Amino acid sequence: MGFIKNTVGRKVVIAVTGQLMVVFIIFHLPGNYFNPWAMTFPAIGSFIWIVRLALLLSFVLHAFFGIQSELENHKARSGPYAVTKSLSTTFAAKTMIWSGILSGVFIIFHLLNITVSVIDESFQDNYAVAIGYAIGLSAVCLHLYHGIASFFQTMGWNSEKSLPAVTSIGKGMALLLFGGFICIVILNRG
Ligand code: HEM
């Protein structure tokens, strides 16, 4: 358990679980275009349960350690030796905890809506739900606008030379995901 109390260990858990969810989202997008019901994975059988369990565990660990790190950082920042100047410059980097929490709320709503079907309203028929999807998607993509490149930084797979390319690829992927998913919401509005 020392690994979990260690802040570097926790950062690695946040990074790896975050990236696992990113890999899922990358497959989710073409899945929706080629087969609108792809998220039920009918042909893959019990493999779906392994994927679901891995994603659920990733989501819980990521959210738990993300919120815990943020609370600890906040306490350290408000202490007597606090250095208030933030090293992160972009809006996306500075708002990671808020875009993360909003993404979490959106994902729980999305699962209750599409996967479990306990929320019966669809974005096709209900403007409020469509707007909710647009806001949720914006939060996820803002989170990833910083998060994808940040993953490589955390893992130590970045150098001064590769940084601009990695940052641009991360931002580009986040924008592409946003564009792809928002089109589904817009094109399917009746
Ligand atoms: C309850 C939901 C979530 C919360 C509270 C949350 C919170 C956080 C926090 C606090 C960080 C660290 C930010 C930093 O060090 O600057 C982070 C990083 C990250 N998150 Fe999330 N997040 C959530 C959901 C998600 C989702 C759904 C995804 C993917 C689809 C995701 C992907 C990432 C990635 C890739 C990183 C970068 C890891 C790194 O810096 O090494 N997060 N998240």
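Residues numbered from 1 in each chain as written. Predicted model: local features only at pLDDT ≥ 70, side-chain atom pairs only at ≥ 80, totals over all residues. Heavy atoms only, no water.

1. Observations concerning helix H3 (residues 47-77)
- Here H3 spans 44 Å end to end across 31 residues, near enough to the 45 Å set by a 1.5 Å rise per residue.
- Within the sequence span of H3, burial applies to Ile48, Leu55, Ser58, His62, Phe65 and Ser69. (Helix = DSSP H or I, 4+ residues; strand = E, 2+ residues; numbered from the N terminus. Expected span 1.5 Å × (residues − 1). Buried < 20%, exposed > 50% of the residue type's maximum accessible area, 1.4 Å probe, protein only.)

2. A few points about unusual backbone geometry
- Despite not being glycine, Ser117 has its phi angle at roughly 60 degrees, a positive value.
- Locating Ser117 in the fold gives a position in the loop between helix H5 (96-115) and helix H6 (127-154).
- For Ser117, a relative accessible area of 46% corresponds to the partly exposed category.

3. What about the site of the ligand?
- Around the ligand sit 23 residues in total, of which His62, Gly100, His143, Ser150 and Thr154 are the nearest.
- The contact in question runs from a nitrogen atom of the ligand to an N or O atom on the side chain of His62, over 2.8 Å.
- Measuring from an oxygen atom of the ligand, one finds a side-chain N or O atom of Thr154 at 2.5 Å.
- Of all the elements in the fold, those that place two or more residues in the shell around the ligand are helix H2 (7-34), H3, H5 and H6.
- Classifying every residue of the shell around the ligand gives eleven nonpolar, eleven polar and one charged. (Near = heavy atom within 4 Å. Polar contact = N/O pair within 3.5 Å; in protein donor to acceptor, adjacent residues only side chain to side chain. Nonpolar A, V, L, I, M, F, W, Y, C, P; charged D, E, K, R; others polar.)

4. Focus on the coordination of the iron atom of the ligand
- Around the iron atom of the ligand, the protein supplies His62 (NE2) and His143 (NE2) as donor atoms, at distances of 2.0 Å.
- Its six donor atoms give the iron atom of the ligand angles of 89 to 180 degrees at the centre, a pattern that matches the octahedral case. With His62 in helix H3 and His143 in helix H6, the pair connects residues that are 81 residues apart, well separated along the chain. Take His62 and His143: they sit in the same class, and that class is buried. (Donors = N, O, S within 2.8 Å, 3.2 Å for Na, K, Ca; no water. Tetrahedral: all angles 85-135°; square planar, octahedral: opposite > 155°, others 65-115°.)

5. Here's the deal with the nonpolar core
- In terms of nonpolar packing, the biggest core is built from 19 residues, with Phe123, Tyr133, Leu137, Leu144, Leu177, Phe181 and Val185 touching the most fellow members.
- Counting residues per element, the ones that place at least two in this core are H2, H6 and helix H7 (163-187).
- Here this core gets eight residues from one element, more than from any other, and that element is H6. (Core = buried A, V, L, I, M, F, W, Y, C linked by side-chain atoms within 4.5 Å.)

6. Digging into a nonpolar patch on the surface
- Residues Ile67, Leu71, Trp98, Ile101 and Val105 make up a contiguous nonpolar surface patch of about 520 Å² in total accessible area.
- Looking at the nonpolar patch, the elements with two or more residues in it are H3 and H5.
- Its place among the elements puts Val105 in helix H5. (Patch = residues over 30% accessible without salt bridge, like charges linked within 9 Å, V, L, I, M, F, W, Y side chains within 5 Å. Areas by Shrake-Rupley, 256 points an atom, 1.4 Å probe, with all protein chains shown as cover. Salt bridge = Lys/Arg side-chain N within 4 Å of Asp/Glu carboxyl O.)

7. Points about the packing of aromatic side chains
- Scanning the model with the defined rule gives seven aromatic pairs in all.
- A centroid spacing of 6.1 Å and a plane angle of 70 degrees characterise the contact between Phe109 and Tyr133, whose relative ring orientation is edge-to-face. Taken together, the residues Phe109 in helix H5 and Tyr133 in helix H6 connect sequence positions 24 residues apart.
- Its relative accessible area of 3% is what places Tyr133 among the buried residues.
- For the ring pair Phe151 and Trp157, a centre distance of 5.6 Å and an interplane angle of 85 degrees mean the geometry is edge-to-face. (Phe/Tyr/Trp six-rings, centres within 6.5 Å; stacked < 30°, edge-to-face > 60°.)

8. Things to note about the packing of H6 against H7
- With their axes 8 Å apart at the nearest point, H6 and H7 run at an angle of 165 degrees to one another. As far as their axial angle goes, H7 and H6 are roughly antiparallel. With respect to the hand of their crossing, H6 and H7 are arranged in right-handed fashion. (Axes fitted to C-alpha atoms, helices over the stretch in contact; angles between N-to-C directions. Parallel < 35°, antiparallel > 145°, perpendicular 65-115°, else oblique. Left-handed = near helix turned anticlockwise from the far one by under 90°.)

9. Points about the packing of H3 against H5
- The N-to-C vectors of H3 and H5 enclose an angle of 150 degrees; their axes lie 10 Å apart at closest approach. Considered as vectors, H3 and H5 are oriented roughly antiparallel to each other. The element H3 and its partner H5 pack so that their crossing is left-handed. Of H5, the residues touching H3 (which contributes Arg52, Phe59, Gly66, Ile67 and Glu70) are Ile97, Gly104, Ile107, Ile108 and Thr115.
- Taken together, the residues of the contact of H3 with H5 break down into five nonpolar, three polar and two charged. (Contact = heavy atoms within 4.5 Å.)

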